[in-house]
Amino acid sequence: MTQYEPVIGLEIHGELLTNSKMFCGCSADYGSAPEPNTNICPTCTGLPGAMPVVNKKATELAALVGLALNCSINKHNTFARKNYYYPDLPKGYQISQYELPIAEKGWLDVVSPPLPVGEGLGVRSENQLRVRVRRVHIEEDTAKLSHEKNYALVDFNRAGVPLLEIVSEPDMRTVEAALDYATKIRAILRYLGVNSGDMEKGVLRFEANISVRPVGSDEFRTRTEIKNLNSFRALTRASAYEIERQIKVYESGGTVVQETLGWDDVRGVTVSQRGKEEAHDYRYFPEPDLPPLQLSDAWIESIRTRLPELPEARTKRFIKDFNLTPSDARFLTSELALANYFESVVAKSKSPTKAVHSWIAGEFMRYLNDSGVNIEDMTLSPESFAQLIDMVTDKTIGGNAGKTVLAELLKNGGNPAQIVKEKGLAQVSDESFIQEAVMKALTDNPTEVEKYLAGKETLLQWFVGQVARTTKGKADPNVTKELMLKALEERKR
C-alpha cells in the first residue's frame, strides 16, 4: 500500500496596525466605525478619477516584518493591479505587489517531526525544519461581505486597510509543522507590534496550499487552496481533512482537481468554491497610478534598528538565563505580554525562576483561561505576585494557602501579607500545635493506621493530608511528616 506525505505551504494575511488605510486617508480602525459604509472615501470605494497614495507607516511595518523573517529587502519594489471581479472589491482589481515585493527569500525555523530524506527542500534536523519564506508583500484588504439567505450586504469600511501577505514555500510535511509555523508568525507579528493577532476579528487569516505525494517522491502534485482560516484549530482541522481527502482520491484511482476550497467548521469538511486561479488569471500589470518604491540602504538599516528581541531569541535566553526547559521557555515567550510579565515577576522575586514559572503556568494561567481576562488587562502587579510566591517559598504560608491568597488578589486586589493575616493563613511550625493534630489524625483513623503498620507505607502522605485538613493548611508539611512518621514508628514497637 502506498504511503503518502503532505506538501504544505501557507499564505498568511495580516492587517497592519496603522492609523489610516493603505492608499487613502480614511481611518484603518474600521471596527469602531459607527455604521457600515461610513468610513469611506472615493479612493477606497473605487470611484473613477480617485488617486491612491502609499501609506508610509505601512511600508515601514512591512519592511520590519521582512527583516524579522530573515528576508532580503528589495530596494526597488513595485505595486501591481491584481484583476478579478468580486462584490467585495469595488475597483474590480486589488492593488498588490507581484514581481517585485518589498521582501523575499527569507526563512523561519519550526519544530517538526522527523521527515523523509530526498526532496532537497529546506534544511532539516531531527526536530527542526527551516521553512523558506518566498515573499512578503503589501496589498489592500477587501470590503466585508455579510451573507444572508437570498442576498449579501457589503460594508466598505474595511476596504483599503493595509494588508500584509507572507507566503511560504511548500516546505512543510506535517500539519504539526504548519501549526508551529503559523503560531510563530503570529507571535512575531505581535512582538513587532504590527498586528494584534486577534483571529476572531479576522485581522489575521491563513490560507493553506495542500497536495499529497508518495513518500520519497520529489514531484509536486496538484494542489488545492483552503481559504480564510481564522483560527489555529481551523487550520489544523482543515489541513488534516484535506490531506486525508486527497489520499482517498488517489487510492480510489481518481484525480485531484486544482481548486479553491472553503472550510465548513460545523460539518468538518472542505467545500469547493471555484477553480484555482494561476497568476496569469489575474492579468497582473504595473499599477499606473503609483510610482515604484525606492528604498535606500540607510532607510532599511533604520528599520532594522527597530527590531526587538524576537520570540526565538527570547526563548533561547530564557533557557540559558532562567534554566528553563525548552517547552517551558517556549510557552512563556509565546506571547509578548506573558514574557514581559514573567520577567517582571522574576525581577521582583527572591524565589527560584522555576517556582515563578510553576505559579504562572499553573494557577495564574488557569485564572486567565477561566475568566477570559487578557494578560494585558491583568490588575495583579508583578510586585504583589512576587511577594506571594516568596511567602510560599520561605514557608510563611503553604501551597494551598498560597492559592487562596492568589484567588483573593485576582478577584479583589490587596496586599498578600495583609490577606494572610486577615484570613489567618500563616503556616505554623510549632511542634506542639502540629503534634496535637497528628495524634487526632491517628486516633480518628484506626483502620488506616493498621494498614500502615501492616506494610502500606504509602499512607504516610495521606496522614499528612489529614493534618493539613485539620489545621486548614497551617501546619508546616515537613514538620508534619517528621512527627507523623515518628508517631507511626512508635506504634510498630
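From a predicted model like this one, the values you see are computed outputs, not experimental measurements. (Residues numbered from 1 in each chain as written. Predicted model: local features only at pLDDT ≥ 70, side-chain atom pairs only at ≥ 80, totals over all residues. Heavy atoms only, no water.)

Student: Is there a simple way to think about the overall build of the chain in this case?
Tutor: Within the chain, the regular secondary structure consists of 15 helices and 16 strands. The C-alpha atoms of the chain give a radius of gyration of 29 Å, which is well past the 23 Å a tight globule of 493 residues would have. The C-alpha extent of the chain, read off along each of the three principal axes, is 95 × 55 × 50 Å. Within the chain, buried positions represent 49% of all 493 residues. Put simply, of all contacts in the chain between residues at least 6 apart along the chain, 69% involve residues at least 24 apart. Counting only carbon and sulfur atoms, one obtains 51% of the accessible surface of the chain, whose full area is about 24,300 Å². Separation between the mean location of the 61 positive side-chain charges and that of the 67 negative ones in the chain comes to 2 Å. (Helix = DSSP H or I, 4+ residues; strand = E, 2+ residues; numbered from the N terminus. Rg over C-alpha atoms; globule rule 2.2 N^0.38 Å. Buried < 20%, exposed > 50% of the residue type's maximum accessible area, 1.4 Å probe, protein only. Contact = heavy atoms within 4.5 Å. Areas by Shrake-Rupley, 256 points an atom, 1.4 Å probe, with all protein chains shown as cover. Lys, Arg positive; Asp, Glu negative; His and termini not counted. Charge placed at Lys NZ, Arg CZ, Asp CG, Glu CD.)

Student: What is the right way to look at the pairing of strand 1 (residues 4–15) in this model?
Tutor: As a general feature of sheets, a regular strand has side chains that alternate between the two faces. The buried fraction of strand 1 is high, at 12 of 12 residues. Neither face of strand 1 is exposed, since Y4, P6, I8, L10, I12 and G14 on one face and E5, V7, G9, E11, H13 and E15 on the opposite face are all buried. Where strand 1 meets strand 11 (residues 204–214), 11 bridges bridge the pair, whose relative direction is antiparallel. Directly across from E5, in strand 11, lies its bridge partner R213. The pairing of strand 1 with strand 10 (residues 162–168) spans five bridges and is classified as antiparallel. Paired with E15 across the strands is L163, a residue of strand 10. (Pairing = 2+ DSSP bridges.)

Student: Help me out: how do you make sense of the pairing of strand 8 (residues 144–147) in this one?
Tutor: Direction of pairing for strand 8 relative to strand 9 (residues 152–155): antiparallel, over a ladder of four bridges. Following the sheet pairing, K144 is matched in strand 9 by D155. In this antiparallel pair of consecutive strands, strand 8 and strand 9, the connection spans four residues.

Student: Would you mind going over the packing of aromatic side chains with me for this structure?
Tutor: Aromatic rings considered in pairs are described by the distance between their centres and by the relative angle of their planes. Applying the stated criterion to the full structure yields 11 aromatic pairs. Among the aromatic side chains, those forming a connected cluster through ring pairs are F318, F322 and F342. The cationic tip of K91 hangs over the ring face of Y93; the distance from NZ or CZ to the ring centre is 5.6 Å. Against the face of F220 rests R213, its NZ or CZ located 5.5 Å from the ring centre. (Phe/Tyr/Trp six-rings, centres within 6.5 Å; stacked < 30°, edge-to-face > 60°. Lys NZ or Arg CZ within 6 Å of the ring centre and 35° of its normal.)

Student: What am I meant to see in the confidence of the model for the chain here?
Tutor: Atomic detail in the predicted coordinates should be set aside for any region of low pLDDT. Looking at the chain, the pLDDT average stands at 89 and 94% of residues meet or exceed 70. A low-confidence stretch, residues 115–126 stays under pLDDT 50, and its non-local contacts, those more than four residues away or across chains, total 30 contacts. (pLDDT = per-residue confidence, 0-100.)

Student: Hey, could you run me through the nonpolar core in this one?
Tutor: As a rule of thumb, soluble globular proteins bury nonpolar side chains together. Judged by nonpolar contacts, the single largest core of 105 residues is most densely connected at I166, Y181 and F385. When residues in this core are grouped by element, the largest group, 10 residues, is from helix 2 (residues 175–192). In terms of nonpolar packing, the next biggest core, distinct from the first, is built from 17 residues, I434, L459, F463 and L488 among them. (Core = buried A, V, L, I, M, F, W, Y, C linked by side-chain atoms within 4.5 Å.)

Student: Would you take a moment to explain the sheet that holds strand 4 (residues 80–83) for this structure?
Tutor: Note: strands within a sheet are paired through backbone hydrogen bonds, in either parallel or antiparallel orientation. One open sheet accounts for three strands, arranged 5-4-15; its pairing is antiparallel. With one partner strand each, in any of the chains shown, strand 5 (93–96) and strand 15 (285–286) form the two edges of the open sheet. As paired elements, strand 4 and strand 15 share two bridges and run antiparallel to each other. Counterpart to A80 in the pairing with strand 15 is P286.

Student: Help me out: how do you make sense of helix 10 (residues 399–412) in this one?
Tutor: Taking 1.5 Å as the rise per residue, helix 10 with 14 residues should run 20 Å; its terminal C-alpha atoms sit 20 Å apart, in good agreement. Among the residues making up helix 10, those that are buried are A401, G402, V405, L406, L409 and L410. The inward-facing, buried residues of helix 10 abut helix 8 (353–371), helix 9 (382–393) and helix 11 (416–423). Where helix 10 ends, the next residue or the one after it, G413, has phi of about 75 degrees, a positive value. (Expected span 1.5 Å × (residues − 1).)

Student: Just checking my understanding: could you explain helix 14 (residues 459–470) for this structure?
Tutor: Because the α-helix completes a turn every 3.6 residues, residues three or four places apart line up on one side. Helix length check: helix 14, at 12 residues, gives a terminal C-alpha distance of 17 Å against a target of 16 Å (1.5 Å per residue), a fit within 8%. When helix 14 is considered as a whole, its buried residues turn out to be L459, L460, F463, V464, Q466 and V467. Buried residues of helix 14, viewed axially, fall in a sector of 155 degrees; they line one side. Looking at helix 14, the residues exposed on the side facing more than 90 degrees away from the buried face are Q461 and R469. (Arc of directions from axis to C-beta.)

Student: Is there a simple way to think about the packing of helix 8 against helix 9 in this case?
Tutor: Two numbers describe a pair of packed helices, the interaxial angle and the distance between the axes. Axis separation between helix 8 and helix 9 bottoms out at 11 Å; the angle between their running directions is 110 degrees. Between helix 8 and helix 9, the angle falls in the class roughly perpendicular. Between helix 8 and helix 9, the residues in contact are V356, W359, I360 and F364 and F385, I389 and V392, respectively. Counted by class, the contact of helix 8 with helix 9 contains seven nonpolar, no polar and no charged residues. (Axes fitted to C-alpha atoms, helices over the stretch in contact; angles between N-to-C directions. Parallel < 35°, antiparallel > 145°, perpendicular 65-115°, else oblique. Nonpolar A, V, L, I, M, F, W, Y, C, P; charged D, E, K, R; others polar.)

Student: Looking at this model, I keep getting lost on the pattern of salt bridges. Mind explaining?
Tutor: When their charged atoms lie close together, side chains carrying opposite charge are able to pair. Considering all chains together, one arrives at 34 salt bridges under this definition. Between E140 and K91 there is a salt bridge, with its nearest N and O atoms 2.8 Å apart. Of this pair, E140 sits in strand 7 (residues 128–140) while K91 sits in the loop between strand 4 and strand 5, placing them 49 residues apart in sequence. The class of E140 is buried, set by a relative accessible area of 5%. Two residues, E207 and K227, come together in a salt bridge whose shortest N-O distance is 3.2 Å. Residue E207 is found in strand 11, and its partner K227 is found in strand 12 (residues 224–229); the two are separated by 20 residues along the sequence. Judged by relative accessible area, E207 falls into the buried class, the value being 5%. Residues joined by salt bridges that share partners form a network here, namely E15, D141, R158 and R205. (Salt bridge = Lys/Arg side-chain N within 4 Å of Asp/Glu carboxyl O.)

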